[in-house]
Amino acid sequence: MVSSRSRMSDLLKQFETYMETSTRLLPASQRRYLHEVKGFIRKMGDKPLESVMPQDLLRWTAGQQERREAPATILQKHAAVKRFLTYLEDFAENEHAGILLRAMRKIVVRPERESRRPPYALEDEQVQKILNKAGRNPFLGIRDRAILHFLWATGVRLGELLGLRLDAIDLKERTARVVGKGDKERVVVFDEECQRDMARWLELRREWPQAKGKDIVFITVDGSAMGGWGVARLVRMSAKAAGMRKPVWTHLLRHSRLTHLL
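Residues numbered from 1 in each chain as written. Predicted model: local features only at pLDDT ≥ 70, side-chain atom pairs only at ≥ 80, totals over all residues. Heavy atoms only, no water.

(A) Focus on the sheet that holds strand β3 (residues 185-189). Pairing within the open sheet is antiparallel, and its 3 strands lie in the order β1-β2-β3. The two strands at the open ends of the sheet, each matched to only one other strand, are β1 (169-170) and β3. Taken together, the 2 bridges between β1 and strand β2 (residues 175-179) define a ladder with antiparallel strand orientation. Within the sheet, the bridge partner assigned to I169 lies in β2 and is A176. (Pairing = 2+ DSSP bridges. Helix = DSSP H or I, 4+ residues; strand = E, 2+ residues; numbered from the N terminus.)

(B) Here's a closer look at helix α9 (residues 192-207). Counted at 1.5 Å a residue, the expected span for α9 with its 16 residues is 22 Å, and the 23 Å between its end C-alpha atoms agrees. Residues of α9 that are buried include every one of C194, D197, M198, W201, L202, L204 and R205, and no others. Viewed end-on, α9 has its buried residues packed into an arc of 165 degrees, placing them on one side of the element. With respect to the buried face of α9, the exposed residues turned more than 90 degrees away are R206 and E207. Tucked into the core, α9 has its buried residues touching α7 (140-154) and β1. For α9, the side-chain oxygen to backbone nitrogen distance between the N-cap and E193 is 3.4 Å, and the N-cap itself is D191. (Expected span 1.5 Å × (residues − 1). Buried < 20%, exposed > 50% of the residue type's maximum accessible area, 1.4 Å probe, protein only. Arc of directions from axis to C-beta. Contact = heavy atoms within 4.5 Å. Polar contact = N/O pair within 3.5 Å; in protein donor to acceptor, adjacent residues only side chain to side chain.)

(C) Looking closely at the packing of aromatic side chains. Counted under the stated rule, the structure contains 10 aromatic pairs. Seen from their ring centres, F15 and F84 are 5.1 Å apart, and the 80 degrees between their planes marks the pair as edge-to-face. Here F84 lies in helix α4 (residues 71-90) and F15 lies in helix α1 (residues 12-22), a separation of 69 residues in the sequence. Residue F15 shares its accessibility class with F84, and that shared class is buried. Of the aromatic side chains, those joined through ring pairs into one cluster are F15, Y18, F84, Y87 and F91. Directly above the aromatic system of W152 lies the positively charged group of R257, at a separation of 5.2 Å from the ring centroid. (Phe/Tyr/Trp six-rings, centres within 6.5 Å; stacked < 30°, edge-to-face > 60°. Lys NZ or Arg CZ within 6 Å of the ring centre and 35° of its normal.)

(D) Quick peek at the nonpolar core. Of all hydrophobic cores here, the largest spans 44 residues; its most connected members are L122, F150, L164, W201, F218 and V248. By residue number, the principal contributor to this core is α7, which donates 8 residues. In this structure F150 touches G155, V156, L161, L164, A176, V188, F190, C194 and M198, once residues within four positions along its chain are discounted. Counting 30 residues, the second largest nonpolar core, distinct from the first, contains Y33, A92, M104 and I107. (Core = buried A, V, L, I, M, F, W, Y, C linked by side-chain atoms within 4.5 Å.)

(E) Spotlight on the pairing of β2. Burial along β2 is one-sided: the residues A176 and V178 are buried and none of T175, R177 and V179 is. From the end of β1 to the start of β2, which pair antiparallel, there are 4 residues, and R174 there has a positive phi angle of about 60 degrees. Here β2 runs beside β3; their pairing, made up of 5 bridges, is antiparallel. Paired with A176 across the bridge in β3 is V188.

Here's what the structure looks like:
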């Protein structure tokens, strides 16, 4: 049972363990939830949970709306905090967490149509320009082009890309097994051009000393797994270098690919 004098920041390590062992969230989603909960704790002044009142939750939400944060962003923050409060109520036996959780479920975040980003899809020639602007670094450039090409050719989600493992790729058949939401596995296919980029990257990766013993496909120069922020930055910077006037983000590649196929 959590002490009523415990500051919320003192509970983060246990919450992180809870997400790793008792949820089906992908590692990228776990990191995102933890990031949002840390932001919430800072907004609350890192005081004991029992000092947080339902009115504080209303003011927190109102502040987000006043800053004109996108409804999807607000909902993401609320989902993370709800997960945090659920952990405290169910596993840390904190009754006050239950009170706050029930209050949060009554807060409605309504989408504002005028604030939504108009949907659009990239054309194939635009994607080719972005691919051609992958970094020129002998190591990173080959990896970055493979990442961008795999995202476009398969239409996978970011989490599916980050979790891709070596034994899940069949270059000969041009297929890959990815694990998506709810730990559901599916098979995606890619074209010959993507096959060539993936083959170049995997060949270079085999020669990279820091990659020894690592089974994640896309790694950094020190051998650690690529993170979501790194891929997002790669997409954004490559699009900027290609002269794209509209914003380009990771999920847009998935949306554009599916639109292209249709």
